[in-house]
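Residue strings, one per chain:
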Amino acid sequence: MQATLEAQQTEEKAAKKKHPPGLYLLFFTEMWERFSYYGMRAILVLYLTTAFVSGGLGMSEAAAMSLYGFFTGAVYWTPIVGGYLSDRFLGRRLAITIGGIAMALGNFALFAMHSKMGLYIGLALLIIGNGFFKPNISTLVGELYEPNDKRRDAAFTIFYMGINLGAFFAPLVVGFLAEDLFKTTFNGVVQYGFKYGFLAAAIGMVIGQLIFNVFGPRYLGEIGKKPVGKQQKSAQTIQTNQKLTKEEKRRTMAILILACFVIFFWAGFEQAGSSLTLYTDKFVDKTVGGWEVPTSWFQSLNPLFIVILAPVLSALWIKLANSKRGDLPIPAKMALGMILLGLGFVVLIPAVLQTGSDEQQIVEKANVLFIVFTYFLHTLGELCLSPVGLSMVSKLAPVKLASLLMGVWLAGVGVANVLAGQLAAFTESLGFFQVFSLIGALTIGLGIVLLLLTKPLMRLMD
């Protein structure tokens, strides 16, 4: 009897150490959604700027990059509306399904309609679908665990790996289909298979939704089925009706100041899908062993470097925290992220001086290592700034303003994407040298300013 009881206790302890199966269900659902999004994003600018007879839409580079910036910005704004509707009326599970279906239809519209009308319908569905999907999938992960469950941080790490796994494979698969497998030549005209790339993104989204809806009832139970917005208790209402203390006002001010700096970081970082993609496509020698690497494959470098570097930086922060001097202050880490981003653009300046900005007068294409090293530095910068910033907002934001400030933080990324599109559009008139130099100098300069503001900002956060 005693042995049986001990065995049961051992099994219960082991079960508490394991993650619930629902985590892995959400892992694969998010992986396929990210596969769909990053696959579509990897070829979008190429699709917009390629001539109509070659399978694209023949838009000018300036118009294409402005549209790209608006699209990537809008996907950060619609989750505010989607989150509100799911909280109040839909429930998280239904909202995720609605979002997934809308995004699958959006990619299918891009596949089926080779026209600007098809483009606008497809992008609109993708923006709306993301608004329902994005704010709810991460929240479901948290709801699998009790508030003080020690497995929670590890669970989000596993979930984050699903994001980057989908982001890594998407450009490889979609890019291969669009730029290699379905690339044909007819009467001397090269025709790309962009539509098949969009079809692959649609299929990825459908697979994710099938997994989520077939296995959801078994592994998620009742989690996320009912709207939670109307179930808030009076204790929280009392908290949120209280006036902000002086300390909370100072912390809010610190968050808003840092949000302004972060806008410029993401405006530079998001050149990856626009100006950096076009520069790589036209001015970088992508031939390896006699085979030309598809341009969209370079979009896989960022998630690959994240998987490699995230554990390294995490260990570094822990080591610094345990040292006598302690960990770096939050503003200093974010300043370092901005400087690293700027250095990534500085790396490209010798390459642009070699190639110029006129594709009709390229003497020699740039070595592929220039663009690889740029993505390496940009990823290091992202890891110094992005997770640190999200953690800071969640810790410092007053309860009354927690959701609002997180929304402001993410909306800032949306503003940055629109700004990124406008900056990228100038490459057609000003040239890559001027734009890359401007972004590099601006982000390094702002990084130094933020570094100098570290002590005043830490006093506001205290």
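Check the entry above for the structure.
Residues numbered from 1 in each chain as written. Predicted model: local features only at pLDDT ≥ 70, side-chain atom pairs only at ≥ 80, totals over all residues. Heavy atoms only, no water.

J.: I keep staring at the overall build of the chain and nothing clicks. Help me out?
T.: Across its full length, the chain carries 16 helices and 4 strands. Relative to its length of 462 residues, the chain is compact, with a C-alpha radius of gyration of 23 Å against a globular reference of 23 Å. Over its C-alpha atoms, taken along the principal directions, the chain stretches across nearly 80 × 55 × 45 Å. Buried positions account for 48% of the 462 residues belonging to the chain. Across the chain, every contact between residues at least 6 apart in sequence was considered, and the portion connecting residues at least 24 apart equals 82%. Accessible area for the chain stands at about 22000 Å²; split by element, carbon and sulfur atoms hold 66% of it. Taken as two groups, the 37 positive and 27 negative side-chain charges of the chain have centres that lie 10 Å from each other. (Helix = DSSP H or I, 4+ residues; strand = E, 2+ residues; numbered from the N terminus. Rg over C-alpha atoms; globule rule 2.2 N^0.38 Å. Buried < 20%, exposed > 50% of the residue type's maximum accessible area, 1.4 Å probe, protein only. Contact = heavy atoms within 4.5 Å. Areas by Shrake-Rupley, 256 points an atom, 1.4 Å probe, with all protein chains shown as cover. Lys, Arg positive; Asp, Glu negative; His and termini not counted. Charge placed at Lys NZ, Arg CZ, Asp CG, Glu CD.)

J.: I'm lost on the packing of helix α15 (residues 432-452) against helix α16 (residues 454-461) in this one. Help?
T.: Two numbers describe a pair of packed helices, the interaxial angle and the distance between the axes. For the pair α15 and α16, the least separation of the axes is 5 Å and the interaxial angle reads 55°. With respect to α16, the element α15 is oriented oblique. Contacts between α15 and α16 pair L450, L451 and L452 from the former with T454, P456 and L457 from the latter. Of the residues that constitute the contact of α15 with α16, the class distribution is 5 nonpolar, 1 polar and no charged. (Axes fitted to C-alpha atoms, helices over the stretch in contact; angles between N-to-C directions. Parallel < 35°, antiparallel > 145°, perpendicular 65-115°, else oblique. Nonpolar A, V, L, I, M, F, W, Y, C, P; charged D, E, K, R; others polar.)

J.: So what exactly am I meant to see when it comes to the pattern of salt bridges here?
T.: In a structure, side chains of opposite charge can pair up when their charged atoms sit close to one another. Counted under the stated rule, the structure contains 12 salt bridges. Put simply, K134 and E30 hold a salt bridge, and the shortest N to O gap is 3.1 Å. Of this pair, K134 sits in helix α5 (residues 116-143) while E30 sits in helix α2 (residues 21-49), and the two are 104 residues apart along the sequence. For K134, a relative accessible area of 27% puts it in the partly exposed group. For E30, a relative accessible area of 0% gives the class buried. Notably, a salt bridge pairs R251 with E247, separated by 3.8 Å at the nearest N-O pair. Of the two residues, R251 and E247 are both situated in helix α9 (residues 246-269); the distance of 4 residues between them amounts to about one turn of the helix. Given a relative accessible area of 35%, E247 falls into the partly exposed group. Bridged by salt links that share partners, the residues E30, E33, R34 and K134 form one connected network. (Salt bridge = Lys/Arg side-chain N within 4 Å of Asp/Glu carboxyl O.)

J.: What's the story with the packing of aromatic side chains in this structure? I'm lost.
T.: The description of an aromatic ring pair uses the distance of the two centres, along with the angle that the planes make with each other. Scanning the entire structure with this criterion turns up 25 aromatic pairs. A centroid spacing of 5.1 Å and a plane angle of 80° characterise the contact between Y47 and F198, whose relative ring orientation is edge-to-face. Taken together, the residues Y47 in helix α2 and F198 in helix α7 (residues 194-219) connect sequence positions 151 residues apart. Of the two residues, Y47 and F198, both sit in the buried class. Aromatic side chains F182 and Y196 sit 4.1 Å apart centroid to centroid with 20° between the ring planes, which places their arrangement in the stacked category. Of the two residues, F182 is situated in the loop between α6 (152-181) and β1 (184-186) and Y196 in helix α7; the sequence distance between them amounts to 14 residues. The exposure class of F182 is partly exposed, given its relative accessible area of 33%. Members of the aromatic cluster, each reached through a chain of ring pairs, are Y279, F283, F345, F432 and F436. Over the ring of W317 we find K333, and its NZ or CZ is 4.2 Å from the ring centre. (Phe/Tyr/Trp six-rings, centres within 6.5 Å; stacked < 30°, edge-to-face > 60°. Lys NZ or Arg CZ within 6 Å of the ring centre and 35° of its normal.)

J.: Could you clarify how one ought to interpret the packing of α9 against helix α12 (residues 330-355) in this entry?
T.: α12 packs onto α9 with a crossing angle of 25° between their chain directions and a minimal axis gap of 10 Å. Relative to α12, the element α9 is oriented roughly parallel. α12 is crossed by α9, and the crossing has left-handed handedness. Each of L258, F261, V262, F264, F265, G268 and F269 in α9 lies in contact with α12, whose residues at this interface are M334, G337, M338, L341 and F345. Of the residues belonging to the contact of α9 with α12, the class tally is 10 nonpolar, 2 polar and no charged. (Left-handed = near helix turned anticlockwise from the far one by under 90°.)

J.: Got a minute to help me understand helix α10 (residues 275-283) in this structure?
T.: A turn of α-helix holds 3.6 residues, and therefore any two residues three or four places apart point the same way. In terms of burial, α10 is largely enclosed, as 8 of its 9 residues are buried. Listed as buried for α10 are S275, L276, T277, L278, Y279, T280, K282 and F283.

J.: How do you make sense of helix α13 (residues 368-396) when you look at a structure like this?
T.: Along its 29 residues, α13 runs 42 Å from first to last C-alpha, staying within 8% of the 42 Å computed at 1.5 Å per residue. The largest bend along α13 reaches roughly 30° and is located at E382. Capping the start of α13, N367 holds a side-chain oxygen 2.8 Å from the backbone nitrogen of L369, two or three residues further along. (Expected span 1.5 Å × (residues − 1). Bend = angle between axes of the 7 residues up to and from the residue. Polar contact = N/O pair within 3.5 Å; in protein donor to acceptor, adjacent residues only side chain to side chain.)

J.: Which parts of the structure should I look at to understand a nonpolar patch on the surface?
T.: Taken together, the side chains of F70, Y76, W77, L390, L410 and V415 define a hydrophobic patch exposed on the protein surface, amounting to about 480 Å² of accessible area. Counting residues per element, the nonpolar patch draws most heavily on helix α3 (residues 61-90), which supplies 3 residues. Secondary-structure assignment places L390 in helix α13. (Patch = residues over 30% accessible without salt bridge, like charges linked within 9 Å, V, L, I, M, F, W, Y side chains within 5 Å.)

J.: Even after reading the chapter, I still don't get unusual backbone geometry, so can you show me in this structure?
T.: Apart from glycine, the bulk of residues carry a negative phi angle, and the bulk of peptide bonds sit in the trans form. In this structure, N187 is a non-glycine residue whose phi angle is positive, near 55°. Looking at where N187 falls in the secondary structure, it is placed in the loop between β1 and β2 (189-191).

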